[in-house]
Amino acid sequence: HLINQVLTLEKYDSGAYKLNLASELLNDILNQAIDTILPLAKERNVSIKNQIPDTQYLLSCDRGLIIQVLINLLSNAIKFSNQDAGEVCIFISNSDQDITVCISDNGRGIDAELKELIFDKFFQAKNQTLRKPEGSGLGLAICKKIIDLHHGNIWIESEPGYGAKFYFTLPIKKV
Ligand code: ADP
């Protein structure tokens, strides 16, 4: 899995990856990602609050890759949410040009100085020298690459102790 993640990042970095673009409905993609992640949420006793409106937004995107981003962010949110009463929310907003997806949790949050570093390759490995890392530290680096390839942005808002909010934007397809 680690080797595959490294190779994937290299492929994105080298520009050799061609997006498999198609017209997709945002809600279909979100629902597929949520369905995939529900068993993990149940196992960890984390409630998922889906606050997605019925509005249909059409995107031109690589469905498999955007689902990968959502699953990464959702599984991190579940993993790092409050141990006793874990709660993860998904909501979206839009401007004329973009939709913004937000995935929030009620866990320990992320320190201000780490908000950029966290998207670096192997960040976790650098950050946690004293114990065996549970993941690879590549998940968010891959998320950022995928969103960059779609000309979107990805960022974090967090007040440490009060959870983290991960946002990403994608351009709305003009019809
Ligand atoms: P990993 O696969 O090791 O979790 P990621 O790139 O997905 O790698 O995450 C890197 C690091 O960012 C994690 O090890 C963790 O320290 C931090 N992190 C990611 N998501 C969250 C979150 N929702 N709340 C707090 N910390 C987080």
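Our subject is the structure that appears above.
Throughout this description, residue numbers start from 1 for each chain and increase along the sequence as written. This being a predicted model, a pLDDT of at least 70 is required before a residue's local features are given, and a value of 80 or more before pairs of side-chain atoms are given or counted; all residues contribute to the totals for chains, interfaces and linings. Just so you know, side-chain values use all the structure's heavy atoms and leave hydrogens and water out.

## Things to note about the sheet that holds strand E4 (residues 87-94)
Selection criterion: Paired strands, as defined in this entry, are two strands with at least two bridges between them according to DSSP. In this description a helix means any DSSP run of H or I spanning at least four residues, a strand means any run of E spanning at least two, and both kinds are numbered starting from the N terminus. Angles shown run from 0 to 180 degrees and are taken between the N-to-C directions of axes, each axis being a line fitted to C-alpha atoms and, for helices, limited to the stretch in contact. The contact criterion used throughout is that any non-hydrogen atoms of two residues lie within 4.5 Å.
Judged by pairing direction, the sheet is mixed, and its five strands sit side by side in the order E2-E4-E5-E7-E6 without closing on themselves. Each edge of the open sheet carries a strand with a single partner, namely strand E2 (47-51) and strand E6 (154-158). Neighbour-to-neighbour, the strand axes of the sheet open up by a mean angle of 20°, direction not taken into account. Seen against the sheet, helix H5 (residues 139-149) touches E6 and strand E7 (164-171) and runs at an angle of roughly 25° to E7.

## Some thoughts on the packing of helix H3 (residues 63-80) against H5
How we decide: Note on convention: near helix rotated counterclockwise from far helix by under a right angle means a left-handed crossing. Clockwise means right-handed. Any residue that is not Ala, Val, Leu, Ile, Met, Phe, Trp, Tyr, Cys, Pro, Asp, Glu, Lys or Arg is counted as polar, Gly included; the first ten are nonpolar and the last four charged.
Close contact between H3 and H5 brings their axes to 9 Å; oriented N to C, the two are set at 145°. Of the two possible hands of crossing, H3 and H5 adopt the one that is left-handed. Where H3 abuts H5, its residues Leu 65, Ile 66, Gln 68, Val 69, Asn 72, Leu 73 and Asn 76 lie against Gly 139, Leu 140, Ile 142, Cys 143, Ile 146 and Ile 147. Residues belonging to the contact of H3 with H5 are distributed by class as follows: nine nonpolar, four polar and no charged.

## Let's talk about the packing of helix H1 (residues 2-14) against H5
The criterion, for reference: Orientation labels follow simple angle bins: below 35 degrees gives roughly parallel, above 145 gives roughly antiparallel, 65 to 115 gives roughly perpendicular, and whatever is left gives oblique.
Here H1 crosses H5 at 25°, and the two axes come no closer than 10 Å. Here H5 runs roughly parallel to H1, going by the angle between their axes. Where H1 crosses over H5, the handedness of that crossing is left-handed. Where H1 abuts H5, its residues Gln 5, Leu 9, Tyr 12 and Asp 13 lie against Gly 139, Ala 141, Ile 142, Lys 145, Ile 146 and Leu 149.

## Looking at unusual backbone geometry
Filter applied, for reference: The buried label applies to any residue whose accessible area, calculated with a 1.4 Å probe on protein chains only, is under 20% of its type's maximum; exposed applies above 50%, and partly exposed to all values in between.
Although it is not a glycine, Asn 45 adopts a positive phi angle of roughly 60°. Looking at the secondary structure, you find Asn 45 in the loop between helix H2 (26-43) and E2. Of the residues examined, Asn 45 reaches a relative accessible area of 66% and is grouped as exposed. The residue His 151 is not glycine, and still its phi comes out positive at about 60°. Tracing the chain through its elements places His 151 in the loop between H5 and E6. Assessed through its relative accessible area of 71%, His 151 is described here as exposed.

## Topic: the nonpolar core
Convention followed: Residues belong to a common nonpolar core when they are buried Ala, Val, Leu, Ile, Met, Phe, Trp, Tyr or Cys residues joined through side-chain atoms within 4.5 Å.
By size, the foremost hydrophobic cluster in this structure holds 49 residues, and its most contacted members are Leu 70, Val 101, Ile 103 and Phe 168. Ranked by residue count, the leading element in this core is H3, at nine residues. Ignoring sequence-local partners within four residues, the contact set of Ile 103 consists of Leu 70, Leu 73, Leu 74, Ala 77, Val 88, Cys 89, Ile 90, Ala 164, Lys 165 and Phe 166.

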